[in-house]
Amino acid sequence: MAKPSASNQQSRVTMQSQGSAYIQHHKLMAVDSLKRLLAAPAASLMTWLVLAIALSLPMTLYVALENVKQLSRNWDQSSQISVYLKKGVMSRFADELTAEIADFPNVSSAVYISPEQALKEFSVSTGLSDVIFGLDDNPLPGVISVIPRLNSQDENGLEQLQQKLEALRHVDSVQLDLIWVKRLYQFMELGQRLVWALAALLGLAVLLIIGNTIRLSIENRRDEIRVVKLVGGTDAFVRRPFLYTGLWFGLGGGIIAWILLSIGLFWLSGPVEQLISLYGSDFSLKGLGFSDSLLLIFDGVILGWLGAWLAVSRHLSTIEP
Amino acid sequence: MAHVRFDRVSKSYPGGHQALTDLSFELAQGEMAFLTGHSGAGKSTLLKLIMLMEKASQGQVLVDGVNLARVANSQIPYHRRRVGVVFQNHQLLFDRSVFENVALPLRISGYTSRDLERRVRAALDKVGLLSKEKQNPIELSGGEQQRVGIARAVVNKPSLILADEPTGNLDPKLSGEIMGLFEQFNGVGVSVLVASHDLALINRMDYRVIGLNQGRLAGERAAGGVRG
Ligand SMILES: Nc1ncnc2c1ncn2[C@@H]1O[C@H](COP(=O)(O)OP(=O)(O)OP(=O)(O)O)[C@@H](O)[C@H]1O
Ligand SMILES: [Mg+2]
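Residues numbered from 1 in each chain as written. Chains lettered and ligands numbered in written order. Predicted model: local features only at pLDDT ≥ 70, side-chain atom pairs only at ≥ 80, totals over all residues. Heavy atoms only, no water.

### What about the sheet that holds strand E3 (residues 143-148) of chain A?
All names here are of chain A.
Now for step 1: The sheet built from 4 strands is open, its strands ordered E2-E3-E1-E4 with antiparallel pairing. Unpaired on one side and paired on the other, strand E2 (107-113) and strand E4 (171-176) mark the two borders of the sheet. Direction aside, the axes of adjacent strands within the sheet are offset by 20° on average.
Now for step 2: As paired elements, E2 and E3 share 6 bridges and run antiparallel to each other. By the bridge assignment, Ser109 is partnered in E3 with Ile147.
Now for step 3: Of the strands in this sheet, strand E1 (81-85), E2, E3 and E4 touch helix H4 (residues 91-102), which is tilted by about 170° from E2.
Now for step 4: Together, E1, E2, E3 and E4 form the strand contacts of helix H7 (residues 157-166), whose direction differs from that of E4 by roughly 165°. (Pairing = 2+ DSSP bridges. Helix = DSSP H or I, 4+ residues; strand = E, 2+ residues; numbered from the N terminus. Axes fitted to C-alpha atoms, helices over the stretch in contact; angles between N-to-C directions. Contact = heavy atoms within 4.5 Å.)

Listed below in structure tokens is the structure:
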């Protein structure tokens, strides 16, 4: 009775040919899902643009922040260092010291302000001249005001200069007038967190947009999914075209975001550089680096794939033959 | 070993409707049989149980000796690949050619292009549609569409073919041709179970008939009953 079952014969697909068929099917699905997107160009373009905007916003903020960082490094150079001299240093020594400091390679200028001068300035600026002239002794020390000249690559330059100045004879203390720079750094810290928050929110938006788009395309291909499951398609097989759809959406969104950002930066770079040159700084707007560009596009791809995966795992199980 | 065996199977759908009740029968390896009964008798439900599109509420369904209740969800696709199914609403995909419709089970099973083309052409040749492989199934007549569905069911060389009303709205001549195809597959050792209420057609052919009534076995007629 028991004839040899034909099932042995039909499942005689070798591992090797199955491997190459697997790759073949991936290629087929990749091409097919791209073709489907291009077959509805208007709808796909809309989705791509929305994704591009969502992807480019945090990147824009990031690029802006990077530029402010670079700019603030430029401004470090114009910051001032006050070198307070010990009390009772004779003005002859103070003048010599000022000349010595002015000769440092990374100092642009050094000016000595004597205690008398300082007191005069102080009384003028505060209007407390009566009080001050009532003092027996001038409480103010002599100060050498130093303007450093640092190159912007050298981040520690300022601190090294400070240490060098502190080690000099007659010097009591050295103070960097960096309070506003510190504030700026605090703001940038805040800005950086804002970038992360925005990136997280918009990343979520990208997931939702892709998820919804994929959900619609699953709806549209209900019959096909049913038939595929009926003739023995595994979940991975059914999922594949949709994952590729998500991937293409993400890739397209990433590339368009990159183009938008590049155009925006190009458009802004002229005016911004002009504006900053008014403040005597030579500054060139930093664009998207290679790794930033890659990151942007890669993020798009990952989010696209993930969004599709979430949508597919949620909706595919509801379709049974 | 029986190819398909129902052992006191009951099936109630959510909502409480009892579609099959205490049903036992066997389909032997290489046997061809008809399943008949009034509308709502449970014919489609029976076939769905074999395909694991539904699960039995009570009792056991065995295919090739495997208890289907024990088949893990991840294994269901592999079970389905060993069974060819044909439906009345042929379930063809109209966004692709006849060739691609028939090729679908092979793509799923992991065939490479060359093997795949050879097998698809062989299946299409068997149902007489080789010349229409590039057309969209929507351009074909009802009978031709049904034959595309049959080609798709047999392209993977299943050992068991299930057909649910395969001749539903075809004229008697076309219906006869379709049944002829099933006979051919049966002739090379494939087990075939056809659900149909076309009694005229069934009576013209000499195969075992399993009758259902309200989800219960309502009498069988063994093969050889027509002429005998
Ligand atoms: N998914 C379902 N949910 C609930 N009840 C169902 C479902 N499918 C079928 N039924 C019920 O089960 C019974 C058997 O249905 P089934 O489709 O198996 O009958 P059938 O013999 O194939 O009928 P027909 O000849 O009309 O196709 C029917 O009364 C039907 O209403
Ligand atoms: Mg039915």
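### Points about the interface of chain B and chain A
Now for step 1: Between chain B and chain A, the contact holds 32 residues from the first and 29 residues from the second.
Now for step 2: Contact with chain A buries area across many residues of chain B, yet Gln29, Arg80 and Ile108 of chain B alone supply 18% of it, more than any other trio.
Now for step 3: Linking chain B to chain A there are 2 salt bridges.
Now for step 4: The residue Arg36 of chain A makes a salt bridge to Asp95 of chain B at a minimum N-O spacing of 3.3 Å.
Now for step 5: On the surface where chain B and chain A come into contact, there are 5 residue pairs in polar contact (both at pLDDT 80 or more).
Now for step 6: Going through the elements one at a time, helix H2 (76-81), strand E6 (83-87), helix H3 (98-109) and helix H4 (113-126) of chain B are the ones with two or more residues in the side of chain B that touches chain A.
Now for step 7: By residue number, the principal contributor to the side of chain B that touches chain A is H3 of chain B, which donates 5 residues. (Buried area = accessible area lost by both parts, 1.4 Å probe. Salt bridge = Lys/Arg side-chain N within 4 Å of Asp/Glu carboxyl O. Polar contact = N/O pair within 3.5 Å; in protein donor to acceptor, adjacent residues only side chain to side chain.)

### Digging into the confidence of the model for chain B
Residue and element names in this part refer to chain B.
Now for step 1: Confidence along chain B averages 91 in pLDDT terms, with 97% of residues attaining 70 or more.
Now for step 2: When mean pLDDT is taken per element in chain B, strand E8 (residues 191-195) scores highest with 96 and strand E10 (residues 216-221) scores lowest with 84.
Now for step 3: Interface confidence in the predicted complex, given as ipTM, is 0.90; pTM for the same model is 0.74. (pLDDT = per-residue confidence, 0-100.)

### So, the site of ligand 1
Residue and element names in this part refer to chain B.
Now for step 1: Lining the immediate environment of ligand 1, one finds 13 residues, of which Ser39, Gly40, Lys43, Ser44 and Thr45 sit closest.
Now for step 2: Within the backbone of Ala41, a nitrogen or oxygen atom sits 3.2 Å from an oxygen atom of ligand 1.
Now for step 3: Taking Thr45, its side chain carries an N or O atom lying 2.6 Å from an oxygen atom of ligand 1.
Now for step 4: Here ligand 1 loses 65% of its free accessible area of 630 Å² to cover by the protein chains.
Now for step 5: The element that contributes the greatest number of residues to the shell around ligand 1 is helix H1 (residues 43-50), accounting for 3 residues.
Now for step 6: Looking at the shell around ligand 1 residue by residue, the class counts come to 3 nonpolar, 8 polar and 2 charged. (Near = heavy atom within 4 Å. Areas by Shrake-Rupley, 256 points an atom, 1.4 Å probe, with all protein chains shown as cover. Nonpolar A, V, L, I, M, F, W, Y, C, P; charged D, E, K, R; others polar.)

### Some details on the pairing of E8 of chain B
All names here are of chain B.
Now for step 1: Along E8, 5 of the 5 residues are buried, which leaves the element largely enclosed by surrounding structure.
Now for step 2: Taking every second residue as pointing to the same face, both faces of E8 are buried, with Ser191, Leu193 and Ala195 on one and Val192 and Val194 on the other.
Now for step 3: Bridge count between strand E3 (residues 32-37) and E8: 4 bridges; the pairing is parallel. Within E8, the position partnered with Phe34 by the bridge is Val194.
Now for step 4: For the crossover that starts at strand E7 (residues 160-164), traverses helix H6 (residues 172-187) and ends in the parallel E8, the hand is right-handed. (Buried < 20%, exposed > 50% of the residue type's maximum accessible area, 1.4 Å probe, protein only. Right-handed = clockwise from strand over helix to strand, strands pointing away.)

### Concerning helix H11 (residues 290-315) of chain A
Now for step 1: The end-to-end C-alpha distance of H11 of chain A is 38 Å, a good match for the 38 Å that 26 residues give at a rise of 1.5 Å each.
Now for step 2: Of all the positions in H11 of chain A, only Asp292, Ser293, Leu296, Gly300, Val301, Leu303, Gly304, Gly307, Ala308, Ala311, Val312 and His315 of chain A are classed as buried. (Expected span 1.5 Å × (residues − 1).)

### Describing the environment of Phe266 of chain A
Now for step 1: Position of Phe266 of chain A relative to the elements: it lies in helix H10 (residues 235-277).
Now for step 2: Along the backbone, Phe266 of chain A and Gly287 of chain A are 21 residues apart, and their C-alpha atoms lie at a distance of 8.2 Å.

### What about the pattern of salt bridges?
Now for step 1: The full count for this structure, using the stated rule, is 23 salt bridges over all chains.
Now for step 2: The salt bridge partner of Glu100 of chain B is Arg107 of chain B, with a shortest N-O separation of 2.9 Å.
Now for step 3: Assessed through its relative accessible area of 24%, Glu100 of chain B is described here as partly exposed.
Now for step 4: The closest approach of N and O atoms between Arg121 of chain B and Glu117 of chain B, which form a salt bridge, is 3.8 Å. Placement of both Arg121 of chain B and Glu117 of chain B in helix H4 is noted, with a separation of 4 residues, approximately one turn of the helix.
Now for step 5: Here Arg121 of chain B falls in the partly exposed class, since its relative accessible area comes to 33%.
Now for step 6: Members of the salt-bridge network, linked through shared partners, are Asp32, Arg36, Arg221 and Glu224 of chain A together with Asp95 and Arg96 of chain B.

### Observations concerning the packing of H3 of chain B against H4 of chain B
Residues and elements named next belong to chain B.
Now for step 1: Where H3 meets H4, the axes come as close as 9 Å, and the angle between the chain directions of the two elements is 120°. Put simply, H3 runs oblique to H4. By crossing handedness, the relation of H3 to H4 is classed as right-handed. Facing Val98, Phe99, Val102, Ala103, Leu106 and Arg107 of H3, the residues of H4 in contact are Leu116, Glu117, Arg119, Val120, Arg121, Ala123 and Leu124.
Now for step 2: Looking at the contact of H3 with H4 residue by residue, the classes come out as 9 nonpolar, no polar and 4 charged. (Parallel < 35°, antiparallel > 145°, perpendicular 65-115°, else oblique. Left-handed = near helix turned anticlockwise from the far one by under 90°.)

### Focus: the packing of H10 of chain A against H11 of chain A
Residues and elements named next belong to chain A.
Now for step 1: One can describe the packing of H10 onto H11 by two numbers: an axis separation of 7 Å at closest approach and a directional angle of 150°. Considering the angle they form, H10 stands roughly antiparallel to H11. Crossing angle aside, the handedness with which H10 passes H11 is right-handed. Taken together, the residues of H11 that come into contact with H10 (itself represented by Arg239, Phe242, Leu243, Gly246, Leu247, Gly250, Leu251, Gly254, Ile255, Ala257, Trp258 and Leu261) are Ser293, Leu296, Ile297, Gly300, Val301, Gly304, Trp305, Ala308, Trp309 and Val312.
Now for step 2: Looking at side-chain class alone, the contact of H10 with H11 contains 15 nonpolar, 6 polar and 1 charged residues.

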